[in-house]
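Understanding the architecture of this molecule
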Amino acid sequence: MTIIEMRQERARLWEQAKALHERAKEEKRDLAAEEREQWDRLNTKIDSLKEQIDREERAQQIEADLAAQQARPEGEGEERQGPAGQAEYRDAFRAYLRHGMNELPPEQRQLLRSRHQTLDGAEARALGVAAGPIGGFTVPDEAMKPIVNAMLAFGGVRAARTTKITTATGADLPVPMADDTGNEGDRIGENVQVGELDPVVAQKIFRSYMYTSRIVRVPYQFLQDTSISDFESWLGGVFGRRIGRRQNRDFTNGAGGNEPEGLVAAAPLGAQTAAVGVIAWEDLVALEHSVDPSYRIGAQWMFHDQVLRELKQLSDGQNRPLWLPGVGAGEPDTILRYPYVINQHMASPAAGVWAAGDRAMAFGDMSFYWIRDVRGFSIIRLEERYADFLQVGFLAFARADGALIDAGTHPIRHLAIQ
């Protein structure tokens, strides 16, 4: 099915599910066991179609980005493309993954060494770096596609409309913040000196924390199997999912200090549920209006998938469902007219029961959460360590940081369970 056909099918399935919900509401009862099973089946199909749509749209976007990048005039972006061009570097990188450094011709070795990355993240361009600190080789743009896809699939924070920046080095990056919302101009009389009123200024320091995939061991037979033409995509998917999971955990719940500052951990309290251990539609309205109207333009919800399951069964005071599927091309599903992001590292009810104080959801302008990536996602091939097992080890590493840019106006807030 095309993306449009999948969206139409989702809308049709949702109408069936909504009819079950509305009939039970009209009769002032809960769903019967058979209706509950039907509801769950319909929602499973709806969610499955949404995943397919997201994958297709993301793949189309990445393909478009890569095509635009490869269409740049020769010489433009020389730093990123490498000294002999991206195509030559990509071929050398693929040969390195399959056969190792010793099997490469001198010209391919030189290409790889020109983009050597040390474990501290610094990029070395001298030809003699092989004897220096242990390091790997920068992943070419085309091979980054499966890594990016995998990180997004498990990266609720990355998948949101967060601000993402990439720096050439991992040096501390100060970001200034200013809060002038409490200040107003003045009306003065003739010949009266203008007074002074400074905004509150602070700064957030972004660092570069090292993330690794841990070691992936691959049998020689797998590497030598010529039918596996897309080995780098398979390996990139493994690395992307591993690093994506770990980064998302930190970008969600990190305490700051010696680790990233998590979005949910840093977001202040916006509202608390009125009932103990239960989320009602009034709680969502309270959380929505705890955020200043200027931050509600383009705002998003963020919560665990189990929370979405609860929200799909909620209606407002006029018996209208809170959850609505996106039908048009590029149109997202919404809760109270706002799109949402699923984040599996957020709190969820254990065995259907919430714990007091759980941060059930976040809401606001997600662009105020910044993710800083240090250029140079790199891969190391360990040829001798597992030779007696007839295996080769692979290890990926990258550096990143994340923090909420909040000067005191609280662009993102959370809902706490009572």
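Residues numbered from 1 in each chain as written. Predicted model: local features only at pLDDT ≥ 70, side-chain atom pairs only at ≥ 80, totals over all residues. Heavy atoms only, no water.

All right, on to the overall build of the protein then. Each helix and strand counted, the protein has 13 helices and 17 strands in total. Within the span of the protein, comprising 418 residues, buried residues form 45% of the whole. Counted over contacts in the protein with a minimum sequence separation of 6, partners at least 24 positions apart contribute 75%. Accessible surface, the protein: about 21600 Å² in total, of which carbon and sulfur atoms supply 50%. (Helix = DSSP H or I, 4+ residues; strand = E, 2+ residues; numbered from the N terminus. Buried < 20%, exposed > 50% of the residue type's maximum accessible area, 1.4 Å probe, protein only. Contact = heavy atoms within 4.5 Å. Areas by Shrake-Rupley, 256 points an atom, 1.4 Å probe, with all protein chains shown as cover.)

Turning next to the nonpolar core. Core analysis: the biggest nonpolar cluster contains 47 residues, and L112, M302, F377 and F394 have the highest contact counts within it. Residues contacting L112, with those up to four places away along its chain left out, are Y89, A92, F93, Y96, M101, L104 and F137. (Core = buried A, V, L, I, M, F, W, Y, C linked by side-chain atoms within 4.5 Å.)

Here the focus is the sheet that holds strand β11 (residues 323-324). If you walk across this open sheet you meet the seven strands as β9-β17-β14-β10-β13-β12-β11, and the pairing is mixed. Strand pairing shows two members of the sheet lacking a second neighbour, β9 (269-272) and β11, which therefore form its edges. Where strand β10 (residues 300-303) lies against strand β13 (residues 338-342), three bridges are found, and the strand directions are parallel. The partner of F303 across the bridge, within β13, is I342. Strands in contact with helix α11 (residues 281-290) are β9, β10, β12 (334-335), β13, β14 (359-364) and β17 (412-416); relative to β9, the strand with the most contacts, it is inclined by about 160°. (Pairing = 2+ DSSP bridges. Axes fitted to C-alpha atoms, helices over the stretch in contact; angles between N-to-C directions.)

This paragraph deals with a nonpolar patch on the surface. A surface patch of nonpolar side chains, amounting to about 270 Å² of accessible area, comprises I188, V192 and V194. For V194, the location among the structural elements is in the loop between β5 (173-179) and β6 (200-206). (Patch = residues over 30% accessible without salt bridge, like charges linked within 9 Å, V, L, I, M, F, W, Y side chains within 5 Å. Salt bridge = Lys/Arg side-chain N within 4 Å of Asp/Glu carboxyl O.)

All right, on to the packing of aromatic side chains then. Applying the stated rule across the entire model yields 11 aromatic pairs. With 5.1 Å between their ring centres and 50° between their planes, F222 and W234 make a pair best called tilted. You can see F222 sitting in helix α8 (residues 220-224) and its partner W234 sitting in helix α9 (residues 231-253), a full 12 residues away along the chain. Owing to a relative accessible area of 26%, F222 belongs among the partly exposed residues under this scheme. The structure contains a cluster of three or more aromatic residues connected by ring pairs, namely W14, W39 and W323. Above the plane of the ring of W323 lies K312, whose end atom (NZ or CZ) is 4.6 Å from the centre. (Phe/Tyr/Trp six-rings, centres within 6.5 Å; stacked < 30°, edge-to-face > 60°. Lys NZ or Arg CZ within 6 Å of the ring centre and 35° of its normal.)

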